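Spelled out from the first residue to the last, the chains are:
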Amino acid sequence: MTVTTTPPATLDAERGELLAALATARSALTNTVRGLSEEQLGECPTVSALCLGGLIKHVASIEEGWLRFVVEGPSAMRYDLPEGVTWADLAAGTAREFPQWAIDHQNDFRMLPGETLAGILQRYEQVAARSEQVIAAVPDLSATHPLPEAPWHEPGAVRSVRRVLMHVLAETAQHAGHADILRETLDGQRAT
């Protein structure tokens, strides 16, 4: 099963090309898990904590979040901290309480009990289909929203729909490369 969708023929050339490139990157990522067992999907074969199932979950989550940002603006990406917790506490791992968004982000990188390859790929297909609907419906790729406050965002920065789409594409392609390394380390197979 691979995550590929065909952009509607009614898209302008720029949207069609960007969505086609994203579909190619998605396919490169999902091809890395062909023929793997559920157990292999959760293995971390390198010194990092990355596993193939977690990479696909992470990329789906990132894409979903950024496309929600396109529709809803900065409220779609809230980074609230529990009372009394600072960004320094969070970065140092010494926070007395961790926000749910940070816990969810960490869990996106791992296979949790009960998660399956079929379920992860199905979710990614749903995210991809929704992304393509959003991009097809947005009146202008130059439309912008301010980024939410977070230490990794420059204060006052904005992102256009175009830049969001390019970021999702870059993130997907980058993690497809990571996935290729993980797959080759697991069993010597290459996705490409």
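Everything discussed here concerns the structure shown above.
My aim in this report is to walk through the structure given alongside it, one point at a time. (Residues numbered from 1 in each chain as written. Predicted model: local features only at pLDDT ≥ 70, side-chain atom pairs only at ≥ 80, totals over all residues. Heavy atoms only, no water.)

## Examining the nonpolar core
And then number 1: Among the nonpolar cores identified, the biggest contains 25 residues, and Trp66, Val70 and Ile135 are the most heavily contacted of them.
And then number 2: Breaking this core down by element, the ones donating at least two residues are helix 1 (13–30), helix 3 (52–72), helix 6 (117–137) and helix 7 (161–187).
And then number 3: Apart from the residues lying within four places of it in its own chain, the contact partners of valine 70 are Val134, Val138, His145, Val161 and Val164. (Core = buried A, V, L, I, M, F, W, Y, C linked by side-chain atoms within 4.5 Å. Buried < 20%, exposed > 50% of the residue type's maximum accessible area, 1.4 Å probe, protein only. Helix = DSSP H or I, 4+ residues; strand = E, 2+ residues; numbered from the N terminus. Contact = heavy atoms within 4.5 Å.)

## Considerations on the packing of helix 1 against helix 3
And then number 1: The geometry of helix 1 relative to helix 3 is characterised by a closest axis approach of 10 Å and an angle of 155° between their N-to-C directions. As the angle between them shows, helix 1 and helix 3 are arranged roughly antiparallel. Considering only the axes of helix 1 and helix 3, their crossing is left-handed. Residues Leu22, Arg26, Leu29 and Thr30 of helix 1 touch helix 3, and the partners they reach there are Ile56, Val59 and Glu63.
And then number 2: Grouping the amino acids of the contact of helix 1 with helix 3 by side-chain chemistry returns four nonpolar, one polar and two charged. (Axes fitted to C-alpha atoms, helices over the stretch in contact; angles between N-to-C directions. Parallel < 35°, antiparallel > 145°, perpendicular 65-115°, else oblique. Left-handed = near helix turned anticlockwise from the far one by under 90°. Nonpolar A, V, L, I, M, F, W, Y, C, P; charged D, E, K, R; others polar.)

## Here's the deal with the pattern of salt bridges
And then number 1: Tallied over the entire structure, the rule returns nine salt bridges.
And then number 2: The salt bridge partner of glutamate 14 is arginine 162, with a shortest N-O separation of 2.6 Å. Placement of glutamate 14 in helix 1 and of arginine 162 in helix 7 is noted, with a sequence separation of 148 residues between them.
And then number 3: Each of Arg26, Glu63 and Glu132 takes part in a single network of salt bridges with overlapping partners. (Salt bridge = Lys/Arg side-chain N within 4 Å of Asp/Glu carboxyl O.)

## Regarding the packing of aromatic side chains
Remark: the centre distance and the inter-plane angle together describe each pair of aromatic rings, the angle taken between the planes.
And then number 1: Evaluated as defined, the whole model comprises six aromatic pairs.
And then number 2: When the centroid spacing of 4.9 Å and the interplanar angle of 75° are considered together, the rings of tyrosine 79 and tryptophan 152 count as edge-to-face. Of this pair, tyrosine 79 sits in the loop between helix 3 and helix 4 (87–92) while tryptophan 152 is found in the loop between strand 1 (144–146) and strand 2 (158–160), placing the two residues 73 residues apart along the sequence.
And then number 3: Take tyrosine 79: its relative accessible area is 19%, and that puts it in the buried class.
And then number 4: Residue tryptophan 152 is classed as partly exposed on the basis of its relative accessible area, which comes to 47%.
And then number 5: Among the aromatic residues, ring-to-ring pairing joins Tyr79, Trp87, Trp101 and Trp152 into one connected group. (Phe/Tyr/Trp six-rings, centres within 6.5 Å; stacked < 30°, edge-to-face > 60°.)

## What about the side chain of arginine 183?
And then number 1: Here arginine 183 lies in helix 7.
And then number 2: Beyond its immediate sequence surroundings of up to four residues, arginine 183 is in contact with Thr32, Val33, Arg34, Leu36, Leu52, Gly188 and Gln189.

## Topic: helix 7
And then number 1: Over its 27 residues, helix 7 extends 39 Å from the first C-alpha to the last, a length consistent with the 39 Å expected when each residue adds 1.5 Å.
And then number 2: At the exit of helix 7 stands glycine 188, carrying a positive phi of roughly 80°. (Expected span 1.5 Å × (residues − 1).)

## Remarks on the environment of aspartate 180
And then number 1: Note on placement: aspartate 180 falls in helix 7.
And then number 2: The exposure class assigned to aspartate 180 is buried, which follows from its relative accessible area of 17%.
And then number 3: With 147 residues separating them in the primary sequence, aspartate 180 and valine 33 have C-alpha atoms 9.2 Å apart.

## Describing the packing of helix 3 against helix 7
And then number 1: Two elements in contact, helix 3 and helix 7, have axes whose closest approach is 9 Å; the angle formed by their N-to-C orientations is 180°. One element, helix 3, and the other, helix 7, form an angle in the roughly antiparallel class. Packed against helix 3, whose contacting residues are Leu52, Leu55, His58, Val59, Ile62, Glu63, Trp66, Leu67, Phe69 and Val70, the element helix 7 presents Val161, Val164, His167, Val168, Glu171, Thr172, His175, His178, Ala179, Leu182, Arg183 and Leu186 at the interface.
And then number 2: The class makeup of the residues in the contact of helix 3 with helix 7 is 14 nonpolar, five polar and three charged.

## Let's talk about helix 6
And then number 1: In a regular helix each residue adds 1.5 Å, so 21 residues correspond to 30 Å; helix 6 covers 30 Å between its end C-alpha atoms and thus fits that length.
And then number 2: Restricting attention to buried positions, one finds in helix 6 the residues Leu117, Ile120, Leu121, Tyr124, Val127, Ala128, Ser131, Glu132, Val134 and Ile135. Mapping the buried residues of helix 6 onto a view down its axis gives an arc of 160°, with all of them on the same face. Helix 6 presents Gln133 and Ala137 as exposed residues on the side facing more than 90 degrees away from its buried surface. (Arc of directions from axis to C-beta.)

Shape is all these values report; function is a separate question.
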